[in-house]
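In case you want the letters, here they are:
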Amino acid sequence: MPVPDWLPQRSRELVEAALAACVTTMPENLRAVCLIGGAARRQRDLRGSSEHLELLIVVDQVPTSQLPALAEGLREPLKGGLQLRTVTHAELRGSVDVQALELAEWRDHHVLLHGEDPFSSLVLAPGDLRHEIERALRGLSQRQRNRLLWCMATEQRRLDVVLREGVDLLLNLAHHTLSLVGSAPEQDDVALIGQFGAWIGADMSVVEALRQRLMAGQAGEDPLAELSQLSVVIEAACGRVDGLRIAD
């Protein structure tokens, strides 16, 4: 299966080299190789693409005797910035409760490069997913608040890494929350932001403006204000998700 054509040439080369190493080293043990993360989504901004380039490798069992050869084959892709997640098929099936959100993200946003789709028959309980979404939102809210206080105290103004993390995670959580409540999430980020804002009852214009600025690589006039405004939206999302009553 071809590597997605929306990836930069260097990223495609890294993925192709890693895929070849997996197939050559583990021909009988390998179940699937999938592109996951930001690179699996055509619509997402891929500047600094090595930060988003990640492969999920699904095997029947961890091939201990084959690890040295596999590591040698993966040397250059890993040095180039490619990230890997290796799981057994049994681990994937056994993690549907404790990793519901992560599995939902992989399931909804992946590109199958080799083997059979490992998510085709994966069943995630709505209650587990709601719990994971709320935990992720609360964790993000706390990190953003703590960073805001730290930046105020230290007069730090370089916040784009923190802001990008907040926007990216909020968009991912918006997708899974809307899916959970039976609303087909928009695929376009602009439309998704508006859709989620309507659901939580919050003004999302600050999120879209921030997303546009980060994509354009522009400097922010008041990053502290942006962080504060983003935190308000995240708090609103926390409250709305906390009030959900989901039956399994």
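Preceding this section is the structure that the text describes.
The rules behind the values
- Residue positions within a chain follow its written sequence, with the count starting from 1.
- Per-residue local features of the predicted model are confined to residues with pLDDT of at least 70, and side-chain atom pairs are confined, for both listing and counting, to 80 or more; whole-chain, interface and lining totals are unaffected and use all residues.
- Hydrogens and water are ignored here; the side-chain numbers use all heavy atoms of the structure.
- Nine residue types can take part in a nonpolar core, namely buried Ala, Val, Leu, Ile, Met, Phe, Trp, Tyr and Cys, and a core is a set of them joined through side-chain atoms within 4.5 Å.
- Relative accessibility under 20% of the residue-type maximum defines a buried residue, over 50% an exposed one, and the middle range a partly exposed one, all with a 1.4 Å probe and only protein chains included.
- Only runs of H or I of at least four residues qualify as helices and only runs of E of at least two qualify as strands under DSSP, and these elements are numbered from the N terminus.
- In this analysis, two residues are considered to be in contact whenever any of their non-hydrogen atoms come within 4.5 Å of each other.
- Two strands pair if DSSP finds at least two bridges between them.
- Here an axis means a line fitted to C-alpha atoms, over the contact stretch when the element is a helix, while the angle between two N-to-C directions is reported on a 0 to 180 degree scale.
- Classification of ring pairs uses Phe, Tyr and Trp, with its six-membered ring standing for Trp, and accepts pairs whose centres are within 6.5 Å; under 30 degrees between planes counts as stacked, over 60 as edge-to-face, and the remaining range as tilted.
- Charge-over-ring placement is defined geometrically: NZ (Lys) or CZ (Arg) within 6 Å of the ring centre, and within 35 degrees of the ring normal.

1. A look at the nonpolar core
In a soluble, globular protein the nonpolar side chains are often hidden away together inside. L56, I133, L137, L170, F196, M204 and L230 are the most contacted members of the largest nonpolar core, which has 51 residues in total. Mapped onto this core, the elements with two or more residues apiece are β1 (30-36), β2 (54-59), α4 (100-108), α5 (126-154), α6 (160-180), α7 (189-200), α8 (205-216) and α9 (223-242). Counting residues per element, this core draws most heavily on α6, at nine residues. Those residues in contact with L56 that sit more than four places away from it in its chain are A32, V33, C34, I36, R85, V87, W106 and F119. Ranked by size, the runner-up nonpolar core spans 23 residues in total, among them L7, A39, L53 and L113.

2. A short note on the sheet that holds strand β4 (residues 111-115)
What the four strands build is an open sheet, ordered β3-β2-β1-β4; its pairing is mixed. Looking at which strands have only one partner, the edges of the open sheet turn out to be β3 (83-88) and β4. In this sheet, adjacent strand axes meet at a mean angle of 20° when their direction is disregarded. Inspection of the sheet shows β1 paired to β2 by six bridges, in the antiparallel sense. When the sheet's bridge partners are listed, L35 is paired in β2 with L55.

3. Concerning the packing of aromatic side chains
Each aromatic ring pair is specified by the distance between its two centres and by the angle formed by the two planes. Evaluation of the coordinates by the stated rule reveals one aromatic pair. Aromatic side chains F196 and W199 sit 6.1 Å apart centroid to centroid with 20° between the ring planes, which places their arrangement in the stacked category. Pair noted here: F196 and W199 are both in helix α7, with a separation of three residues, about one helical turn. The burial state of F196 is the same as that of W199; both residues are buried. Between R240 and the ring centre of W199, over which it is positioned, the NZ or CZ distance is 4.1 Å.

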